[in-house]
Each structure stands twice: as C-alpha cells, then as structure tokens.
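Observations on the model geometry
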Amino acid sequence: MKTKFMILVLFLTLEITFSQVLTWSPYFATRNDVITIDYDVSKGNGALVGVFPIYVHTGVITDSSKNPNDWKYVKTTWGSPANQPSTNYMGGNIWRIVINIPAYYGVPTSENIKSLAFVFRNSDGSKVGRDKDGSDIFLPINQPGLNLGFQSPTESPVMLNLNDSVKVVVHSSQSTNLSLYLDGSLIASTDSFTITKYVKATEYGKKRIKAIAFGTGGSSKSDSVYFVVRTPVTTAAQPPNTIDGINYTSSTSATLVFYAPYKNYVYVVGDFNNWEVDPNFYMKRTPDGNRYWLEINNLIPQKEYIYQYFVDGTLKIADPYSEKLIDPWRDKEIPSITYPDLIEYPFGKTWHIASVLQTAQTPYSWQTTSYQRPAKTDLVIYELLIRDFLHSHDYKTLTDTLNYLKNLGVNAIELMPIMEFEGNESWGYNISFHLAPDKYYGPKNDLKKFIDKAHEMGFVVLFDMVLNHAFGQSSLVRLYWDSANERPAANSPWFNPIAKHPYNVGYDFNHESQATKDYVDRVCKFWLTEYKVDGFRFDLSKGFTQVNSGGDVGLWGQYDASRIALLKRMADKIWQTDSTAYVILEHFAVDSEEIELSNYGMLLWANTNHSFNEATMGWHDSGKSDFSRVSYKTHGFAKPHVIAYMESHDEERLMYKNSLYGNSSGSYNIKNLATGLERIKLAAAFFFSIPGPKMIWQFGELGYDINIDYNGRTGTKPIKWDYFIHVNRNKLYKTFAALTKIKKEFDVFRTTNFTLDLSGSVKRMWLNHSSMNVAIIGNFDVMQKTVSPNFQNTGWWYDYFSGDSINVSNTSMTFNLMPGEFHIYSTIKLPTPEPGLLTSIESDVTSNPAQFALYQNYPNPFNAATNIKFSIAEFGVRNAEYSNLHNLNQQLVTLKVYDVLGREIATLVDEVKEAGTYTYPFSIRQLTDHYTLPSGVYFYKLTSGNFTEVKKMVLIR
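For clarity, every value in this text was computed on a predicted model and none was experimentally measured.

1. Topic: the overall build of the protein chain
Check the secondary structure of the protein chain and you find 14 helices and 56 strands. Dimensions of the protein chain, computed from the C-alpha atoms along their principal axes, are close to 110 × 75 × 45 Å. Across the 957 residues that make up the protein chain, the buried fraction comes to 58%. Here the analysis covers contacts within the protein chain between residues at least 6 apart in sequence; of these, 67% occur between residues at least 24 apart. Summed over its atoms, the accessible surface of the protein chain is roughly 37400 Å², and 49% of this surface lies on carbon and sulfur atoms. Computed over 89 positive and 95 negative side-chain charges, the inter-centroid distance for the protein chain is 2 Å.

So this is what it looks like as structure tokens:
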C-alpha cells in the first residue's frame with residue numbers, strides 16, 4: 001500500500017487536494033519530472049501552524065538506502081536556508097515548493113529513486129513539521145508506465161463502526177482494465193483510469209480491499225487497503241500474578257498488560273500478525289477500565305518478536321515496560337561488534353520505536369552471589385560515562401578495565417544513565433524507557449556480566465537514575481499528548497503539562513500521582529532484582545515535588561515537606577526490596593531539608609568543585625577556597641551522609657582551570673602542567689582524608705584537562721588513556737590510590753572526632769581516634785609559608801608519603817612549607833607509598849636553559865584554549881641592539897598567533913624576559929571576535945633576538 005502521505009493528486013495535470021500532509025502534481029511523478037508540492041501545515045503534527053516563513057529540509061530514498069529512513073543526496077543543511085528549494089506561501093495553511101527532481105537532487109541514473117523525503121521547520125529549527133506520528137514525510141516516485149494507487153482511503157487500516165461506509169477511490173495510469181475486490185470478490189471494474197466505490201461495513205472483523213490494474217503486454221500492478229469493524233471491548237479481570245508489561249507464561253506464550261486509562265480500545269500489532277490489526281489481537285479491558293491485556297500463544301521459543309500497541313486507531317507505541325527496544329533511527333549506528341545480531345526494524349510495516357518479546361530466554365547465571373557492601377562512610381565512588389571512558393563504549397571492555405579501578409582504590413562504580421535514551425551518543429539524561437539498557441553499550445547480559453565481575457572484585461555498582469523526567473520518545477509521554485500545545489495532556493497519569501520547577505528538562509513527572517509512584521517503584525525494584533544493582537543516584541531529586549516554584553530557583557530550594565515525604569516513600573519501597581541498597585540524591589536544597597533526608601538514611605551529593613578549584617589555582621584572598629563543605633558536619637548532618645566531589649560530570653575539570661587561570665609567584669607557576677598536577681595532589685590529601693564518602697569523576701585521577709564545553713557540554717570528549725603513561729599524571733593516579741587506601745583501611749579516617757581549619761591559604765585538619773591521631777597541613781599559596789601543625793600530642797609522628805618520622809616535644813612547633821607542599825602526619829606509622837610521588841614539581845621558569853626552544857602547544861587540537869611553552873637562553877654576546885638590557889639573562893621576546901593568511905590574531909608576549917622556560921595560555925575567549933574565529937589551522941611564532949621559530953596548531957570549534 002502507498003504510505004499515508006502519498007496518494008493525493010489526480011493523474012495528468014489536474015490537482016485535487018485532500019486532507020493530507022502533502023499534495024502534488026503530477027500524480028504519478030517520475031525521477032525526470034518537475035514536481036509541484038503543497039504542504040498543509042495544519043496536517044500531520046500541526047507544529048508549524050501560524051509560523052512564517054517555513055523552510056524545507058529534503059533528500060531522497062534510493063535503492064542504495066540502507067532502510068526506508070536512510071536519506072540520500074540531502075542538499076540542505078539543517079538550520080540553514082542555503083541550497084533549499086524556495087517555499088512560497090499560497091494562503092491559508094498551504095506552502096508550495098517546486099522541485100526539478102533530476103536537476104536538484106542530482107541522483108545518478110544508475111540509482112533508482114524510491115521516494116522524496118521531507119521535514120519542514122521554522123527559522124531556528126525549534127519547531128518541526130512532520131507527520132502526525134512524528135515520522136518524516138515521504139512522497140513516492142514512480143517508474144514510467146503502468147502505475148496504481150489509492151486516493152481514498154488514505155490510511156490503512158480504516159477503523160469503522162458497524163454499517164459505516166468507506167469511500168474507495170483508485171487511480172491508475174496506462175491501464176487497460178482496473179478492478180476492485182472485497183475479500184477476493186469483484187465489486188467494481190472499469191476500462192478507464194479511476195474507480196470510485198462506497199463499501200459498507202456489514203459485519204464485524206477485518207475486510208481487505210484490493211485493486212488490480214492491467215496494462216499492455218500482460219503487465220499488472222496491485223495495491224490493497226483494509227478496514228476493521230471492531231466489536232465492543234471485552235471486559236475481563238487481569239490474569240493473576242501478572243504485572244504491567246510482558247509476562248512470560250510458558251516457552252510459547254506471553255501475556256501483555258498495558259496500563260492505559262481513558263483509552264477506548266487497544267490492539268497488539270507485530271511480527272506475529274504481520275503488523276496488521278487483527279481481531280485475534282484485540283486486547284481485553286479490566287473492570288476498572290485502567291488496563292488492557294492479551295495472552296499471545298503459539299510463539300516460537302527463543303524467537304524475538306517485535307510488537308507495538310495500536311491505541312484508539314491512531315497511535316502506535318512501544319510497551320513502556322520494555323526491556324529491549326528497536327529504534328528505526330539510531331540502531332543502524334550501533335556497531336555489530338558492540339551488539340551482535342541485533343534484530344532488524346520492520347521498515348515499511350510500522351513506524352517509531354517498537355518493543356521486543358522473546359520467550360524461553362536463557363537466564364543469566366550469576367557467579368557472585370554474596371559480597372560485602374562497603375559502609376556508607378567508606379564509599380569511594382568512581383563516576384563514569386561509558387561513551388567518554390572507552391573507545392569501544394561497551395560493557396565488555398568496561399569489565400576488562402576493572403583492574404584499573406581496583407588499583408586506584410575505588411570501591412563503587414557509578415554509571416551515568418544507561419537506560420534507553422534518545423539517540424546514541426548522549427550523557428543519558430534524556431531517558432525514554434527506564435527498564436531497557438541502551439543497546440549502544442551492548443546486550444543486557446554483558447551488563448550483567450560487568451556487574452557480576454564488579455561484585456567479585458569488591459566493587460558495588462550504582463546506577464544514575466533519571467526519574468524527574470522523561471523525553472518525547474517515551475511511550476508514557478506519547479500516550480497522553482496535547483499536540484496543540486506540544487506538551488503532555490492534562491489527563492496524563494504520569495506527567496505535568498507544565499513543569500513545576502525551574503531547570504527541568506524533558507517532561508516533568510507528577511510524583512504525587514499514584515501512577516508515577518507505581519512506575520518509580522517498579523523501575524527501582526526491577527534494577528535491584530534483575531540486575532543486582534547496589535543502589536541509585538537520583539538525578540535532580542529536588543524536582544520530586546508538586547509545589548509549583550515556576551522559575552524561582554530560590555523557592556524551589558526551600559524546605560518542602562511534600563518532597564521529603566515523596567522521597568521517603570520511594571526510599572522505603574527500595575529498602576523493602578533491598579534493605580542495604582544505597583539511596584543517593586542530587587538534591588542541593590536547604591540544609592534543613594537535607595538533614596531530614598540524611599537522618600532517614602539517604603546520601604546527598606555535595607558539590608565542592610568551585611572551592612577546591614579556587615584552592616588548586618592558588619586564589620584564596622576572596623575566601624572562596626574554603627572547601628569545608630566536604631564535611632558532613634558543616635551541613636549539620638548527624639551521620640557522614642555527604643558524598644563530596646571535587647569534579648563531576650557537571651563541573652569543570654580542575655586541571656583545565658589550573659592551566660588557564662592558575663596563580664604564580666616568581667618561578668612557581670600553577671599554569672605549568674607538572675605544578676598544576678601537584679596542586680591536585682595537595683587538594684586530594686584533604687579531600688580523601690575528611691571522613692565520609694567521596695566521588696571521583698573519570699580521569700580526574702590523571703589530571704584530565706579538557707574543557708567541559710569541548711564539542712559542546714554534553715558532546716563527546718577525547719578519551720585520554722595515554723595520560724596513564726605520562727610520568728607526572730601517573731604519579732597523580734598513584735597518589736590518589738595511596739590516599740584511598742588509608743581512607744578505607746584505617747579507622748581514624750572514619751572518626752567523628754575531627755576539626756578543620758580550611759579558610760586560609762594554609763589549611764590544616766586534625767583527626768582523633770583511639771587507634772591513632774592524624775594531622776594534615778598544606779600550603780595552597782604560591783609563596784612559602786610558615787605553619788604550625790598544632791600536633792594533638794607530643795611524641796613520635798610519621799609522615800605518610802615520605803615515611804620520615806619526627807619526635808614532637810613542642811606541639812606548637814612550626815614548619816616552612818613550599819607552595820603546594822603538604823604532609824599527612826600520624827602517630828602510628830602507615831605503610832609508606834611508592835617513593836617519589838610528590839617530587840614532580842616543575843617550576844614554570846627554569847634558570848638559564850641551554851638553548852632557545854618553542855614547544856608544541858597542549859592540548860592540540862584544542863577547542864577553546866591551549867597552552868604554549870617556550871625557553872629563552874642566555875645571549876653569548878651583547879649586541880648593541882640590546883645594550884639597554886640589564887644583563888645577558890634578559891632579552892626582548894614576542895609571541896604572536898596568526899591565521900593561515902598571515903593575519904595577526906593575538907599577541908601573547910611582547911616584553912623583556914629573563915632567560916627561562918615559560919608557559920602562556922591562548923584562549924579564544926580572550927579575543928573580542930572569538931565567536932567568529934573558525935575551526936582550522938593557526939600558527940604561533942616566537943621571536944627573541946636572532947631566534948625565530950613557528951609552529952602549527954589546530955582549532956576545533
């Protein structure tokens with residue numbers, strides 16, 4: 001059958017407009033025609049009603065397309081009007097385009113064009129015109145000769161009531177006979193090109209209307225549509241022991257249960273009925289009217305079947321409780337090595353995401369059935385995004401990488417969202433289906449193997465859980481949709497039409513709705529039991545409220561008793577399933593609210609990124625470098641339920657800002673890589689030692705220094721495993737490992753008796769425990785400082801990293817600390833780490849280099865900023881040109897940046913410099929016209945006396 005967009009215009013030159021998305025002329029257009037197309041903005045999804053002007057994005061589907069959605073020869077760029085066919089407003093809701101098919105698309109004659117593909121948009125692409133089900137719009141291209149198509153009905157199936165009639169209009173070209181059949185019986189015939197016939201629905205069931213056109217030489221073409229006269233819905237109780245979604249009842253049967261209050265009827269369509277509406281797959285309705293259910297029999301064991309729900313004769317959606325989805329848009333981008341033997345989407349039979357059903361699956365055999373979860377205070381969590389952690393982005397490789405994390409000393413792995421999200425390359429917070437692992441990371445059993453192996457090696461696995469919102473591909477969203485306002489409908493059981501709080505993304509769950517509560521409980525229980533996950537970090541938990549704060553961020557963060565009640569209820573349900581599961585909140589509300597949640601047993605994120613970064617950069621005058629909020633005590637918590645972090649997926653990388661904005665004094669410069677890494681060690685000594693759980697963001701242990709906005713904030717980032725073999729970065733990794741080791745192994749780092757002094761540039765802390773005392777001092781300034789550790793007692797104290805000991809007779813004794821220097825002293829000798837971990841400080845200026853040198857910038861390529869390093873040597877002889885300089889160690893130095901045409905972009909240095917090694921940042925943000933600086937090759941040139949050198953660097957925007 002022609003698709004529902006296609007058969008719209010009478011053959012020859014007469015144009016007849018019907019209630020479709022497109023109409024066009026000529027009716028049976030071929031690849032050699034000039035075609036006139038009218039787009040009715042009120043049809044389809046109606047997103048462009050009242051929009052002016054309208055732009056078109058178009059391509060073709062050919063016999064070389066991988067699937068019916070694989071556009072080829074796309075001449076237009078999304079978001080740009082360049083190269084697009086001109087659109088003309090014709091009045092009312094009609095916009096017209098005229099396309100010379102061979103001249104515009106330029107498809108080689110060896111390639112057959114099957115259809116033209118379109119979507120329409122407003123100027124910035126924020127509104128997109130598609131078909132009513134969200135699909136692209138396709139227009140058929142025919143071969144010359146005999147052709148046939150239905151003008152009416154325009155959709156199949158047609159859903160009718162008993163005794164209704166359907167108007168059937170069929171057109172053909174170059175036919176000698178045109179006939180129409182109803183379930184095989186001839187009902188009309190003609191020698192002309194058109195048949196019009198009214199067919200009455202006289203009985204319940206499915207009826208097929210078939211048209212056959214005969215041409216010369218015995219050629220023929222056929223097409224068909226069908227209509228269904230449905231009986232009243234059968235009311236029957238839901239089978240016992242079944243839940244929403246798929247219930248496998250035997251190796252050959254399954255019962256589907258679908259929660260859909262306010263809907264009139266539902267059919268199941270899929271591979272088992274050739275994707276046609278069939279009375280045998282008409283779902284029964286429960287007495288309360290809320291659920292539909294159907295038992296499907298005669299399934300082949302272990303065979304995968306794809307299916308959807310067909311709701312009220314208009315909407316096809318995937319099962320919201322699916323554990324595996326098939327995506328017509330993105331699955332083709334998943335490599336077979338990542339997900340082998342992925343079932344193919346049934347193109348041409350349905351549209352949008354569909355569910356997968358498979359009986360008699362071999363259950364995963366768990367190898368690790370008992371393991372010890374760390375106490376909350378001992379958690380050292382490693383947060384990672386699989387996409388940006390591994391080039392292969394799969395669970396298999398992640399399993400093979402566990403030794404790296406084991407050696408680092410972390411004991412918990414927190415995966416950013418892995419549930420089915422929109423697209424493939426994503427942070428994962430655009431969730432669509434909460435019970436299905438996203439296939440971009442591999443099959444579900446590979447995920448289970450990863451969790452199993454992690455448990456065997458002593459890790460717990462935490463999932464980043466997104467239940468504040470869902471996105472538009474979600475069946476929960478699509479099932480109740482207000483197309484006029486482009487938002488969830490007012491009768492949605494799950495969503496608020498308008499979000500109740502600021503910073504919401506996607507569509508806001510109504511957490512006071514019983515349907516949402518049931519869904520939340522089902523999702524959490526599923527992952528705890530089916531995948532043996534150890535707990536969840538709930539994204540944007542402050543959004544679990546129906547108190548409407550609108551755009552008022554301050555109001556949103558205030559004490560909200562209803563929100564607390566909702567979160568406690570959710571946690572209770574989780575703990576009913578697994579009494580020791582971790583419940584972690586990204587909350588950031590007032591302390592009084594977080595105290596109550598903490599007292600209830602939940603853990604709460606604490607963002608200390610900004611204060612730590614002020615400290616690592618050496619800026620303390622403003623007092624912003626006080627990172628005492630690492631401590632649960634400063635939050636007013638009775639228990640160590642604060643999960644503090646120096647970095648997270650949401651925050652800028654410490655080393656990136658160290659390299660751009662680090663302070664300096666004399667030869668000490670934090671912008672220098674080695675020095676900046678030492679500053680991270682200094683911060684880590686305090687971070688890990690303060691009692692309470694901690695979190696590391698991936699590659700923070702190697703000083704990852706790529707800007708968070710590289711390639712866009714949520715865009716893919718460079719995967720820097722090469723950092724591990726960099727000497728100074730590897731020392732940072734080992735320093736982290738040394739600190740996590742003592743944190744987990746010695747009770748003093750769990751003590752409740754500790755004091756912090758973190759407000760100044762010299763920071764101190766004291767830990768007291770019956771097993772030992774610990775005193776930590778660190779100089780966060782860029783100049784030498786004198787500090788007294790104020791030891792808690794006299795006697796022998798041991799320096800952790802050096803292994804040295806001192807006999808303290810005066811607890812007020814003082815030490816001179818170089819900038820960046822720190823010491824962890826304990827009254828019991830701790831096992832000394834590998835020697836030399838803290839000896840890699842490299843001054844930004846080294847005295848009297850042997851030669852002039854200009855080094856390759858770093859990073860390169862770069863997104864927004866990079867560092868350029870050079871060395872200036874002494875002059876052997878004084879030239880008259882430099883007679884005004886004070887000594888041979890000083891010379892006039894210029895460092896400039898140019899584009900490929902030789903135009904000067906920036907001057908970084910133009911001054912007298914002493915002999916030494918220097919590092920200067922180059923940031924496009926410092927340029928007044930940086931937004932126009934394009935990607936490409938640039939050059940930087942160093943000149944000093946007779947020395948000149950030029951190097952190339954690459955900017956990627």
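Now that the structure has been shown, we can carry on.
2. Considering the sheet that holds strand S54 (residues 916-923)
With antiparallel pairing, the three strands of this open sheet are ordered in space as S50-S51-S54. This sheet does not close on itself; its edge strands, each paired only once, are strand S50 (853-854) and S54. Bridge analysis of strand S51 (residues 865-872) against S54 gives eight bridges, and the strand direction is antiparallel. Along S54, the bridge assignment pairs Ile 872 with Gly 916.

3. Brief notes about the confidence of the model for the protein chain
Counting all residues, the mean pLDDT for the protein chain is 91, and 95% of those residues have values of 70 or more. In the predicted structure, residues 1-19 sits below a pLDDT of 50 and forms 67 contacts with residues beyond four places in sequence or in another chain. Low pLDDT (under 50) marks residues 876-887, which in the prediction has 15 contacts with non-local residues, meaning those over four places away or in another chain.

4. Quick look at the pattern of salt bridges
Overall, the coordinates contain 39 salt bridges when judged by the stated rule. Between Lys 324 and Glu 304 there is a salt bridge, with its nearest N and O atoms 2.7 Å apart. You can see Lys 324 sitting in the loop between strand S23 (315-317) and strand S24 (325-326) and its partner Glu 304 sitting in strand S22 (residues 304-311), a full 20 residues away along the chain. Assessed through its relative accessible area of 14%, Lys 324 is described here as buried. The partner of Asp 757 in a salt bridge is Arg 764, with the nearest N and O atoms 3.0 Å apart. A network of salt bridges, in which partner residues are shared, links Asp 464, Arg 537, Asp 539 and Glu 586.

5. With respect to the side chain of Asp 446
Within the secondary structure layout, Asp 446 lies in helix H5 (residues 444-456). Buried and unpaired, Asp 446 has no salt bridge, with Lys 449 as the nearest side chain of opposite charge at 4.3 Å. If we ignore the near neighbours within four places in the chain, the residues touching Asp 446 are Tyr 395 and Lys 396.

6. Details of the environment of Val 787
Residue position: Val 787 is located in strand S45 (residues 785-787). We classify Val 787 as buried; its relative accessible area is 4%. For Val 787 and Asn 816, which are 29 residues apart along the polypeptide, the C-alpha to C-alpha distance reads 6.4 Å. Setting aside residues no more than four positions away along its own chain, Val 787 makes contact with Val 762, Arg 764, Ile 777, Met 813, Thr 814, Phe 815 and Leu 817.

7. With respect to the packing of aromatic side chains
One pass over the structure, following the stated rule, counts 63 aromatic pairs. Feature note: the residues Tyr 382, Phe 389, Tyr 404, Phe 699, Tyr 704, Trp 721, Tyr 723, Phe 724 and Tyr 733 constitute an aromatic cluster, connected by ring pairs. The ring of Trp 556 carries Lys 542 above its face, with NZ or CZ at 4.3 Å from the centroid. Over the ring of Tyr 855 we find Lys 869; its NZ or CZ atom is 5.5 Å from the centre of that ring.

8. A closer look at the packing of helix H12 (residues 654-661) against helix H13 (residues 673-689)
Between H12 and H13, the shortest axis-to-axis distance is 10 Å and the interhelical angle comes to 135 degrees. Taken as axis vectors, H12 and H13 run oblique relative to one another. Note on packing geometry: the crossing formed by H12 with H13 is right-handed. Contact residues: H12 offers Leu 654, Met 655 and Asn 658, while H13 offers Leu 673, Gly 676, Leu 677, Arg 679 and Ile 680. Residue composition of the contact of H12 with H13, by class: five nonpolar, two polar and one charged.

9. Some points on the sheet that holds strand S15 (residues 205-214)
The strand order across the open sheet formed by five strands is S10-S16-S15-S12-S13, and the pairing between neighbours is mixed. At either end of the open sheet lies a strand with only one pairing partner, and these are strand S10 (158-160) and strand S13 (185-190). Across the sheet, the mean angle separating the axes of adjacent strands is 20 degrees when strand polarity is ignored. Sheet topology places S15 next to strand S16 (residues 220-229); 10 bridges connect them, and they run antiparallel. Within S16, the residue paired with Ala 213 across the bridge is Lys 221.

10. A look at the pairing of strand S17 (residues 245-250)
Across five bridges, S17 lies against strand S18 (residues 253-259) in antiparallel orientation. Directly across from Asn 247, in S18, lies its bridge partner Thr 255. Linking S17 back to S18 in an antiparallel pair, the connection comprises two residues.

11. Describing the nonpolar core
In terms of nonpolar packing, the biggest core is built from 168 residues, with Phe 463, Trp 527 and Phe 538 touching the most fellow members. The leading source of residues in this core is H13, at nine residues. In this structure Trp 527 touches Ile 418, Met 419, His 434, Leu 435, Ala 436, Pro 437, Leu 447, Phe 463, Met 465, Lys 532, Val 533 and Phe 536, once residues within four positions along its chain are discounted.

12. Focus on H13
Counted at 1.5 Å a residue, the expected span for H13 with its 17 residues is 24 Å, and the 25 Å between its end C-alpha atoms agrees. Counting buried positions over the 17 residues of H13 gives 16, a clear majority of the element. Here H13 starts with a cap whose side-chain oxygen sits 3.0 Å from the backbone nitrogen of Ala 674, and that cap is Asn 672.

13. Considering the pairing of strand S25 (residues 354-358)
Across a regular strand the side chains alternate sides, sitting on one face of the sheet and then on the other. In terms of burial, S25 is a largely internal element, five of the five residues being buried. Where S22 and S25 come together, four bridges link them in antiparallel fashion. In the sheet register, Tyr 307 faces S25, and the bridge partner there is Ser 355. Pairing analysis gives two bridges linking S24 to S25, with the strands arranged antiparallel. Its bridge partner lying in S25, Ile 326 is registered against Ala 354.

14. Things to note about unusual backbone geometry
Note that the residue after Ser 152, namely Pro 153, is joined by a cis bond; omega there is 0 degrees. Mapped onto the elements of the fold, Pro 153 is located in the loop between strand S9 (147-152) and S10. Between Ser 156 and the following residue, Pro 157, the backbone shows a cis peptide bond with an omega angle of 10 degrees. Relative to the helices and strands, Pro 157 resides in the loop between S9 and S10. One non-glycine residue with positive phi stands out, namely Asn 241, at about 60 degrees. The residue Asn 241 is located in the loop between S16 and S17 in this model. Owing to a relative accessible area of 80%, Asn 241 belongs among the exposed residues under this scheme.

15. Looking at the environment of Val 808
Structurally, Val 808 can be placed in strand S47 (residues 805-808). Taking the C-alpha atoms as reference points, Val 808 and Thr 794, separated by 14 residues in sequence, lie 4.9 Å from one another. Leaving out residues up to four positions away in the same chain, Val 808 has contacts with Phe 791, Asn 793, Thr 794, Gly 795, Trp 797 and Met 813.

Rules of the game
Residues numbered from 1 in each chain as written. Predicted model: local features only at pLDDT ≥ 70, side-chain atom pairs only at ≥ 80, totals over all residues. Heavy atoms only, no water. Helix = DSSP H or I, 4+ residues; strand = E, 2+ residues; numbered from the N terminus. Buried < 20%, exposed > 50% of the residue type's maximum accessible area, 1.4 Å probe, protein only. Contact = heavy atoms within 4.5 Å. Areas by Shrake-Rupley, 256 points an atom, 1.4 Å probe, with all protein chains shown as cover. Lys, Arg positive; Asp, Glu negative; His and termini not counted. Charge placed at Lys NZ, Arg CZ, Asp CG, Glu CD. Pairing = 2+ DSSP bridges. pLDDT = per-residue confidence, 0-100. Salt bridge = Lys/Arg side-chain N within 4 Å of Asp/Glu carboxyl O. Phe/Tyr/Trp six-rings, centres within 6.5 Å; stacked < 30°, edge-to-face > 60°. Lys NZ or Arg CZ within 6 Å of the ring centre and 35° of its normal. Axes fitted to C-alpha atoms, helices over the stretch in contact; angles between N-to-C directions. Parallel < 35°, antiparallel > 145°, perpendicular 65-115°, else oblique. Left-handed = near helix turned anticlockwise from the far one by under 90°. Nonpolar A, V, L, I, M, F, W, Y, C, P; charged D, E, K, R; others polar. Core = buried A, V, L, I, M, F, W, Y, C linked by side-chain atoms within 4.5 Å. Expected span 1.5 Å × (residues − 1). Polar contact = N/O pair within 3.5 Å; in protein donor to acceptor, adjacent residues only side chain to side chain.

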